[in-house]
Amino acid sequence: MIVVMKQGASQTEINSVIKEINDFGYADHPIVGVERTVIGAVGDEGTKFKLMEILSQLAGVEQIIPILKPYKLASHQFKQDKTIIELDNGLKIGGNEVVIMAGPCSVESREQIMESAKVVSECGASILRGGAYKPRTSPYDFQGLEGEGLKLLRSAGDTYGLPVVTEVLRERDVELVAQYADILQIGARNMQNYGLLKAVGQVDKPVLLKRGLANTVKEFLMSAEYILSQGNYRVMLCERGIRTFETATRNTLDLGAVAVLEQETHLPVIIDPSHAAGRWGLVAPLAKAGIAVGADGLIIEVHPNPHDAMSDGLQSLIPQKFCSLMKELSRIAQACDRSIAGLNKQ
Ligand code: PEP
Ligand code: MN
C-alpha cells in the first residue's frame, strides 16, 4: 500500500507511520517528494486491511492507497515518475537520453578489452560491457577470466572514461563484482535465482536485470521486486529475447513486452538486440526497433575481431559496423524526440 502523507506532515508524524508499518512486520519504503512524503508499505497481504485501518487514523496521513499489482515497488502505481538511475560519472539512465552500452561478450585479454573500450568510446557508447563470469551452456566452454577479468574491465573502463557493466553469476561473488563494476548484471539464466536477487538488493550499485529465457513480464517484474524489496531502488530491466517456436533468430525479441513495461513500471528498460538476434546481421534492425519502441538504452555486443571471440562472436559487431549503427540510432532517437547520451558532446 501507499501511505500519502499530508503536505507539511512533520517528521514525528512520518516516524510514527513508519513505526506502525514496521510493528506490523511490513517494510517501509519512503519517497520524499518536494511537496509531500509518500511511504510504500509492503508485507503480508493477509493483514493489510487491519494495517490500513490503523494507519488511516494516524496524524499527518492524508490517504492510503492499496497497490493491487503483485509487484508493489516496481509498479507505476507506487511511483508515477520514471526512475532515473544516475551513475558516479553523472550519466543518467531512464531520462530523455538513450544510453548505449557496448563491448565484447567476454573479457578475454588486456589487449582485447582495451581495444574494445577504445572503439566503443570512439563510436559514442557511454558504458562498456564485458563478462568476467560467463554462464555457458557447456561446462567445457570458456567460463570467463573471473577476478582477473574484472580488473581488466575496470582498467579499460577507467582508461577510456566509461562506466562498466558486468555479470555476477553467484551470490558469493556479489561483493567482489560490486568492487569493480558500476552496474551489476543479472543474466537471463539467473532471473529467478532469488538468493542472488536478494544479495544484489543489498549492495549500493545499480542492477541490470535480464529477462529469463522463458519468463513472463509478470515474473520479470516480480524478480525486480526482489531487488527493490531489499532497498536497492536502482534497477533497470533488460529485454534480451525469449524462447519461442521460432528458430530463425537465437531468441525472439519481445518488443511488445517493452511497451507493456513502459505502462507497468517506472524502472528504466534496456534492450539487448545481440542476444535476441544471435547473428550480427540482425542486430542493427532490432536495435533501431528498440529505440523506436521506447527503450531507455541498448546493450550491444561489439568485438574488435569477432572471428576470434571466445563467446558470441557470431552476434558481435565489428567496430566499423557499430560506428555506423550509432549514427543511424541517433537519427531514430531524434525522430522519437530523444537523443543518444554523449553522442553530440564529443
Ligand atoms: C551476456 O550478456 O553476455 C549474457 C550471457 O546474456 P544473457 O544472460 O541475456 O544470455
Ligand atoms: Mn554474450
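Residues numbered from 1 in each chain as written. Chains lettered and ligands numbered in written order. Predicted model: local features only at pLDDT ≥ 70, side-chain atom pairs only at ≥ 80, totals over all residues. Heavy atoms only, no water.

## Quick word on the overall build of the chain
Scanning the chain from terminus to terminus reveals eleven helices and 15 strands. Against the 2.2 N^0.38 benchmark of 20 Å for 346 residues, the chain shows a C-alpha radius of gyration of 21 Å, consistent with a compact globule. Taken along the three principal axes of its C-alpha coordinates, the chain extends 65 × 45 × 45 Å. Looking at the chain as a whole, 53% of its 346 residues qualify as buried. When contacts within the chain are restricted to residue pairs at least 6 apart in sequence, those whose partners lie at least 24 apart make up 68%. Summing over all exposed atoms, the chain offers an accessible surface of approximately 15,000 Å²; the carbon and sulfur share of this is 51%. Taken together, the 36 basic and 41 acidic charged side chains of the chain have centroids lying 3 Å from each other. (Helix = DSSP H or I, 4+ residues; strand = E, 2+ residues; numbered from the N terminus. Rg over C-alpha atoms; globule rule 2.2 N^0.38 Å. Buried < 20%, exposed > 50% of the residue type's maximum accessible area, 1.4 Å probe, protein only. Contact = heavy atoms within 4.5 Å. Areas by Shrake-Rupley, 256 points an atom, 1.4 Å probe, with all protein chains shown as cover. Lys, Arg positive; Asp, Glu negative; His and termini not counted. Charge placed at Lys NZ, Arg CZ, Asp CG, Glu CD.)

## Some remarks on the sheet that holds strand β1 (residues 2-5)
With antiparallel pairing, four strands are arranged side by side in an open sheet as β2-β3-β1-β4. Edge positions in the sheet fall to β2 (27-32) and β4 (61-65), since each has one partner strand and no second. Along the sheet, successive strands turn relative to each other by an average axial angle of 20°, direction set aside. When β2 meets strand β3 (residues 37-42), the two strands line up antiparallel, connected through six bridges. Bridge pairing in β3 links H29 to G40. (Pairing = 2+ DSSP bridges. Axes fitted to C-alpha atoms, helices over the stretch in contact; angles between N-to-C directions.)

## A look at helix α10 (residues 283-293)
Since the α-helix turns once every 3.6 residues, residues separated by three or four places project in the same direction. Considered for burial, the residues of α10 that qualify are V283, A287, G290 and I291. Looking straight down α10, one finds that the buried residues subtend no more than 90° of arc, so they occupy a single side. In the segment just after α10, G294 is the residue with positive phi, at about 110°. (Arc of directions from axis to C-beta.)

## Comments concerning the nonpolar core
Membership of the largest hydrophobic core comes to 76 residues, with the highest contact counts inside it found for I300, F322 and L329. Viewed by domain, this core spans two of them, domain 1 (2-65) and domain 2 (85-345), each represented by three or more residues. The contacts of F322, once residues within four sequence positions are left out, are I100, A102, V120, C123, A125, I300, V302 and L317. Among the nonpolar cores identified, the runner-up in size contains 16 residues, and V17, I18, I39 and M52 belong to it. (Core = buried A, V, L, I, M, F, W, Y, C linked by side-chain atoms within 4.5 Å. Domains from an automatic or database assignment.)

## Some remarks on the pattern of salt bridges
Following the criterion strictly, the structure yields 20 salt bridges and no others. Measuring nitrogen to oxygen at the nearest pair gives 2.7 Å for the salt bridge that ties D173 to R170. Judged by its relative accessible area of 7%, D173 is buried. In this structure, K210 and D272 form a salt bridge, with 2.7 Å as the shortest nitrogen-oxygen distance. Of this pair, K210 sits in strand β11 (residues 207-210) while D272 sits in the loop between β13 (269-271) and α9 (273-277), and the two are 62 residues apart along the sequence. One network of salt bridges, in which partners are shared, links K82, E262, D296 and R338. (Salt bridge = Lys/Arg side-chain N within 4 Å of Asp/Glu carboxyl O.)

## Notes on the site of ligand 1
With respect to spatial proximity, 13 residues lie near ligand 1, and among them R129, A188, R189, K210 and R240 are the closest. With respect to ligand 1, the side chain of K134 contributes an N or O atom lying 2.9 Å from an oxygen atom. H275 is positioned with one of its side-chain polar atoms (N or O) 3.2 Å from an oxygen atom of ligand 1. In isolation ligand 1 exposes 300 Å². Once the protein is present, 97% of that is buried. Within the shell around ligand 1, the residues separate by chemical class into three nonpolar, three polar and seven charged. (Near = heavy atom within 4 Å. Polar contact = N/O pair within 3.5 Å; in protein donor to acceptor, adjacent residues only side chain to side chain. Nonpolar A, V, L, I, M, F, W, Y, C, P; charged D, E, K, R; others polar.)

## Some words on the packing of helix α3 (residues 110-123) against helix α11 (residues 319-335)
Taken N-terminus to C-terminus, the directions of α3 and α11 make an angle of 25°; their axes are 9 Å apart at the nearest point. In terms of axis orientation, α3 runs roughly parallel to α11. α11 is crossed by α3, and the crossing has right-handed handedness. In this structure, α3 uses V119, V120 and C123 to contact α11, whose residues at the interface are P319, F322, C323 and M326. Within the contact of α3 with α11, the residues separate by chemical class into seven nonpolar, no polar and no charged. (Parallel < 35°, antiparallel > 145°, perpendicular 65-115°, else oblique. Left-handed = near helix turned anticlockwise from the far one by under 90°.)

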